[in-house]
Amino acid sequence: MQRLLLCVLLLSHFIVSAQYSLKGTITNENNVPIKDVHIHLGNKITTTNSEGNYYIENLTEGNYKLYISYIGYESISETILITKNTEFSIQLFPSVTNLESVVISKRIMKNSTIDNEQKINSETIENYSSVTLGDALKEISGVSTLKSGTTIVKPVVNGLHSFRVPIISDNVRLEDQQWGVEHAPNFDVNAANSLTVLKGASTLQYGGDAIGGIVVIEPISLKKDTLIGKTIITGSSNGRGGSISSSLTKGTRKGWAWNIVGTAKYFGDREAPYYVLSNTGNREQNFSGNLRYVRDNYTISGSYSFYNVQMGILKASHIGNVTDLYNAITNQEPYVIETFSYNINRPKQEVQHHLVKLNYEQRLSEFSKIDFQYAFQFNNRKEFDIRRDSEDERPALDLDLISNNFQTNHKFSKNNWKLTNGISFGYQDNSANPNTGIRPLIPNFDKIDFGVYSIINYRVDNSFKIEGGIRYDFSRIEASKYYLKSRWNERGYDDDFSHFIVEDFGTQWLTKPTFDYHNFAGSIGFNKQFHHEINWLFSVGLATRNPNVSELFSDGLHHAIGQIELGDLRLQQEKAIKINSTIRKEWKKVTLEANPFVNRIADFIYLQPTGFETTIRGAFPVWEYNQTDALLTGIDISGIWAINNHFSYNGNFAYLIGRDLKSNDYLIDMPPFNTTHGIQYKNDNWNNLKIELKSETVLRQTNYPNFNFETNILVNGNLTPAIVDISTPPNTYSLLHFQIECQFSVFKNKTLTTAFSIQNLLNTNYRDYLNRQRFYANELGRNFQIQLKFNY
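Being a predicted model, the structure only gives us computed values, none of them experimental.

## A short note on the overall build of the protein
Scanning the protein from N- to C-terminus turns up seven helices and 46 strands. Computed over its C-alpha atoms, the radius of gyration of the protein comes to 28 Å, within 12% of the 28 Å expected for a compact globule of 792 residues. Counting only C-alpha atoms and orienting by the principal axes, one finds that the protein spans roughly 110 × 55 × 50 Å. Taken over 792 residues, the protein has a buried fraction of 56%. For the protein, the share of sequence-separated contacts (at least 6 apart) that also reach a separation of at least 24 residues comes to 66%. Only carbon and sulfur atoms are counted for the fraction: they give 57% of the accessible area of the protein, which is about 33,500 Å².

Take a look at the structure:
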């Protein structure tokens, strides 16, 4: 009995002696202690006191996941090894975006904070150095891409794209003529430090028309005193080209900080599994830089970016008439297949985009600050058609868009409250070059925008936060456009819009349309954290979007895609009510997230094929802008499983149904069910070895409207009736991708990362429903890629 008692006492002493603690102090960017910072260590939760201190006891030896978060500040995610009583103190810095917003991003275990602020980080972005912003955003569950060939890629968020998903780069909304489905965002992905798809009240800061969401691009910057550089060289077999991108960044807590990024890309024709995709090469020459001066109470910054791209349009997609379209769809093979070439011939696009930004931020007190920002953007778009006169080098479309924007924001944060108010003013001028010899698809116009917003956040306690916001916008569009009298009468405009006519030019009317829009938007939501690692975010939002200039005024042949597009002056604003919910559950090794949503859009604007029209160049399919009431419902699911210290799994599922409520039919161009799965092996002891095998499956879209039309085509010299099937989606396809990379130390504090990857490993032959060129050719075949990353 005495021996048993002695053993119990010794065991008790051992257990007690194995109990450790963690303590520390949390301060803000000015080294001021922060009260009520949320500290989450394993299954233990606490907050800091008025002096910024925290203390967690009764810890056993081992690794713990530590999460530190506070409203309006960047969250911290660390792994802490506890082998003794440990102290961990850290500074928090203001966040670019609000933590309460629903954010969908690339899932990485270390970024799975309780505030649901995960992003596509720079490491993932580097893998997409030679491609586009839209390609990189596909890493996010619920994000698809709308393509026009291989290099024109637009992000689609929960079934919506273009003006419904504004892109914010360095706190500036990009204004780059996104009205066309074949107009990709004018941004070099190498200039991004992180990418985020954002939903919630904080989107109101950038506008009230984000029906689908907002893409927030955070530039490369450092908040510590250091100088770093990075060079990425990528070579690809498909296209037989590559890219090089270099950046140099000087960071600071106080004083001068700067960053420069330069990128060049050079590719020839891409290839499908069994043939060359003729005239699909592209070139890019991009530059961006920023300069900041940081003091205790104010910050002055400026930035400039230049995006310059030349891209070929698949030659086989430039049809001469509706018979060519019918034959392309029926034969399932391009009617033009040439040998590989680096030449970029007509049809092609040339785009330049300049952006200049100046910003001044002043801290007014411990609790408030104000900033003033001016942004200037100049966008030039040229689209080149195959002309009957081969010596005519003029573009078929030549547009200059000048955008000026001024905004000021005031932010107040004290105790549990955070209030953000702001106003914005914008002016745009679009001019079409009259010397193209072709009537412009988009007319000259001036546009004035004015907006005011307010966002409020309230932290009820450490586990419950509420956010709400409201915004008002006024817009005026004044256009100058020539209408053929035959088109004017065909559209029935004389009864409703005769007051727009200012002059008679024989066969044409000169019109001066003017439209005023008053829009309201708002959002309310909450973020509730439960015990057992469960987090629930819920929001209800109202968004209103004006019809854009292409939807109102398009009138003619869109040469880049070989179709006639017709706008409608009667189009009204879209009004959307979206309910969005995100539930996340974390276990020790597994994280699951589900994001169901419902989006009811009144007067939803869409482009519908309606038949064909004969011109002097032949017969072309006609697409008209129409309106209906739409209902989009869906769910995005993502998960991560840390199988052990070396193996991990990640997977995404996205399902969406788009309904036309007026016709009780489906909506056109809605993403089909898609899923991705990846298995990764990682060994830090073997030169940070990473090996990943990834699968991507897209099911055939079964929910689609039937817009097929009947026409007469030439068969053996005779006109024969035929159905042009432009509605039936392609078949299901599955792709495999492989990647391996290692990191080597070449000099002190300098590393070289080598990566080898294979996209479409099995050389699968397929077509994608959301690629407008699916009528003419298959998607890309196998691509071998080698990448070298120098960090210095």
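## Here's the deal with the pattern of salt bridges
Using the criterion set out here, one finds 36 salt bridges in the structure. Put simply, Lys315 and Glu338 hold a salt bridge, and the shortest N to O gap is 3.0 Å. On the criterion of sequence distance, the pair formed by Lys315 in the loop between strand E22 (298–312) and helix H4 (322–331) and Glu338 in the loop between H4 and strand E23 (348–363) is long-range, its members being 23 residues apart. Taking the relative accessible area as the measure of exposure, Lys315 reaches 26% and is therefore partly exposed. A residue is classified by how much of its surface remains accessible, and Glu338, at 38% relative accessible area, is partly exposed. The residue Glu741 makes a salt bridge to Lys789 at a minimum N-O spacing of 3.6 Å. Of this pair, Glu741 sits in strand E44 (residues 733–747) while Lys789 sits in strand E46 (residues 783–791); the two residues are 48 residues apart in sequence, bridging distant segments of the chain. Its relative accessible area of 11% is what places Glu741 among the buried residues. Via salt bridges that share partners, Arg439, Lys481, Arg487, Glu490 and Asp555 belong to a single interconnected network.

## Some points on the nonpolar core
In terms of nonpolar packing, the biggest core is built from 63 residues, with Leu325, Phe553, Leu569, Ile601, Leu632 and Ile726 touching the most fellow members. When contributions to this core are tallied by element, the ones reaching two or more residues are H4, strand E25 (397–414), strand E28 (464–484), strand E31 (514–530), helix H7 (549–553), strand E36 (590–615) and strand E37 (618–642). Ranked by residue count, the leading element in this core is E36, at six residues. Core analysis: the second largest hydrophobic core is formed by 23 residues, Ile125, Leu133, Ala192 and Leu195 among them.

## A look at unusual backbone geometry
The amide bond that connects Arg346 to the next residue, Pro347, takes the cis arrangement and shows omega of 0°. Along the polypeptide, Pro347 turns up in the loop between H4 and E23. With phi around 50°, Arg240 is a residue other than glycine that occupies positive phi space. With respect to the element layout, Arg240 can be found in the loop between strand E16 (226–236) and strand E17 (241–251). Even without a glycine there, the phi angle at Gln332 is positive, about 55°. In this fold, Gln332 is placed in the loop between H4 and E23.

## Details of the sheet that holds strand E5 (residues 62–69)
Pairing is antiparallel across the open sheet formed by four strands, whose spatial order is E3-E2-E5-E6. At either end of the open sheet lies a strand with only one pairing partner, and these are strand E3 (44–47) and strand E6 (76–82). Between one strand axis and the next, the sheet turns by 20° as a mean value, whatever way the strands run. Two strands pair when backbone bridges link them, and strand E2 (residues 38–41) and E3 are joined in this way by four bridges, in the antiparallel orientation. Looking across to E3, one finds that His38 is bridged to Thr47.

## Topic: the packing of aromatic side chains
In the structure shown here, the tally under the stated rule is 26 aromatic pairs. Judged by centre distance (5.3 Å) and plane angle (75°), the rings of Trp488 and Tyr493 are edge-to-face. Across this residue pair, the class does not change: Trp488 and Tyr493 are buried. An angle of 90° between the planes, with centres 4.9 Å apart, marks the rings of Phe526 and Trp536 as edge-to-face. You can see Phe526 sitting in strand E31 and its partner Trp536 sitting in strand E32 (residues 534–545), a full 10 residues away along the chain.

## Brief notes about the pairing of E44
Judged from the nine bridges that link them, strand E41 (residues 689–698) and E44 form a sheet pairing that is antiparallel. The residue of E44 that forms the bridge with Val698 is Tyr733. Note: E44 against strand E45 (residues 750–759), nine bridges, orientation antiparallel. Across the sheet, the residue bridging to Gln739 is Ser757, located in E45.

## Points about the confidence of the model for the protein
Confidence along the protein averages 89 in pLDDT terms, with 93% of residues attaining 70 or more. The low-confidence segment residues 1–17 (pLDDT under 50) makes zero contacts with residues lying over four places distant or belonging to another chain. Here residues 96–117 is a poorly scored stretch, pLDDT under 50, and it has 110 contacts once near neighbours within four places are set aside; other chains count.

## Focus: the pairing of E45
Here E44 hands over to E45 after two residues, with Asn749 in that stretch at a positive phi of 60°. With nine bridges joining them, E45 and E46 adopt antiparallel strand pairing. Counted as the bridge partner of Gln759 is Asn783 from E46.

## Some details on the side chain of Thr675
Tracing the backbone through its elements, the reader meets Thr675 in strand E40 (residues 674–683). With a relative accessible area of 8%, Thr675 lands in the buried category. Other than its neighbours up to four places away in sequence, Thr675 contacts Asn652, Phe653, Ser695, Glu696 and Thr697.

## Focus: the environment of Arg363
Within the secondary structure, Arg363 sits in strand E23. A residue is classified by how much of its surface remains accessible, and Arg363, at 21% relative accessible area, is partly exposed. On a C-alpha basis, the gap between Arg363 and Asn63 in space is 39 Å, while along the polypeptide they are 300 residues apart. In contact with Arg363, other than residues within four places in its own chain, are Glu29, Asn30, Asp296, Asn297, Ser368 and Lys369.

## A closer look at H4
Of the positions making up H4, those classed as buried are Val322, Thr323, Leu325, Ala328 and Ile329. Following H4 by one or two positions, Gln332 adopts a phi angle in the positive range, close to 55°.

## Here's the deal with a nonpolar patch on the surface
Among the surface-exposed residues, Leu358, Phe372, Tyr374, Phe406, Ile423, Phe425, Tyr427, Ile448, Phe450 and Val452 lie close enough to one another that they form a single nonpolar patch of about 830 Å² accessible area. Counting residues per element, the ones that place at least two in the nonpolar patch are strand E24 (368–384), strand E26 (417–432) and strand E27 (444–461). For Tyr374, a relative accessible area of 33% puts it in the partly exposed group.

## Some thoughts on the environment of Asn687
Residue placement: Asn687 occurs in the loop between E40 and E41. Linking Asn687 and Glu741, residues 54 residues apart in sequence, is a C-alpha distance of 9.0 Å. Residues in contact with Asn687, not counting those within four places in the same chain, are Cys742, Gln743 and Phe744.

The rules we used
- Residues numbered from 1 in each chain as written.
- Predicted model: local features only at pLDDT ≥ 70, side-chain atom pairs only at ≥ 80, totals over all residues.
- Heavy atoms only, no water.
- Helix = DSSP H or I, 4+ residues; strand = E, 2+ residues; numbered from the N terminus.
- Rg over C-alpha atoms; globule rule 2.2 N^0.38 Å.
- Buried < 20%, exposed > 50% of the residue type's maximum accessible area, 1.4 Å probe, protein only.
- Contact = heavy atoms within 4.5 Å.
- Areas by Shrake-Rupley, 256 points an atom, 1.4 Å probe, with all protein chains shown as cover.
- Salt bridge = Lys/Arg side-chain N within 4 Å of Asp/Glu carboxyl O.
- Core = buried A, V, L, I, M, F, W, Y, C linked by side-chain atoms within 4.5 Å.
- Pairing = 2+ DSSP bridges.
- Axes fitted to C-alpha atoms, helices over the stretch in contact; angles between N-to-C directions.
- Phe/Tyr/Trp six-rings, centres within 6.5 Å; stacked < 30°, edge-to-face > 60°.
- pLDDT = per-residue confidence, 0-100.
- Patch = residues over 30% accessible without salt bridge, like charges linked within 9 Å, V, L, I, M, F, W, Y side chains within 5 Å.

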